[in-house]
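Descriptive analysis of the structure
Read off the chains here:
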Amino acid sequence: MIFVTVNGQPREVPDGLNIATLVDELGFAGKRVAIELNGQIVPRSRHQDTKVAPADQIEIVVAVGGG
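In what follows, the accompanying structure is described. (Residues numbered from 1 in each chain as written. Predicted model: local features only at pLDDT ≥ 70, side-chain atom pairs only at ≥ 80, totals over all residues. Heavy atoms only, no water.)

Considering the overall build of the protein
When its secondary structure is counted, the protein shows one helix and five strands. Reading the helices (α) and strands (β) of the protein from amino to carboxyl end gives β-β-α-β-β-β. At 12 Å, the protein has a C-alpha radius of gyration in line with the 11 Å of a compact globule built from 67 residues. Looking at the protein alone, contacts between residues at least 24 apart form 56% of all its contacts between residues at least 6 apart. Carbon and sulfur atoms form 50% of the exposed surface of the protein, whose accessible area is close to 4,400 Å². With 6 positive and 8 negative side-chain charges, the protein shows a separation of 9 Å between the mean positions of the two kinds. (Helix = DSSP H or I, 4+ residues; strand = E, 2+ residues; numbered from the N terminus. Rg over C-alpha atoms; globule rule 2.2 N^0.38 Å. Contact = heavy atoms within 4.5 Å. Areas by Shrake-Rupley, 256 points an atom, 1.4 Å probe, with all protein chains shown as cover. Lys, Arg positive; Asp, Glu negative; His and termini not counted. Charge placed at Lys NZ, Arg CZ, Asp CG, Glu CD.)

Quick look at the structure:
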């Protein structure tokens, strides 16, 4: 297990976890989300390939429709 920060909150996650799995585990599966990893946007096409590392700072923003 490793420690990361997700949306400002410390969280323990499995070592080797990728962004796509993290998004699923946090309940955002199927939602339109933007992911920022250590200040850099991670394109959706890279979510499977991008691994989470100890002390990473992750921001997850959910797009909300409406009008």
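Details of the nonpolar core
Counting 16 residues, the largest nonpolar core has Val4, Val13, Leu22, Ile35, Val52, Ile58 and Ile60 as its most contacted members. Those elements that place two or more of their residues in this core are β1 (2–6), α1 (19–25), β3 (33–37) and β5 (57–62). If we skip the residues at most four places from it in the chain, Leu22 touches Val6, Val13, Leu17, Val52 and Ile58. (Core = buried A, V, L, I, M, F, W, Y, C linked by side-chain atoms within 4.5 Å. Buried < 20%, exposed > 50% of the residue type's maximum accessible area, 1.4 Å probe, protein only.)

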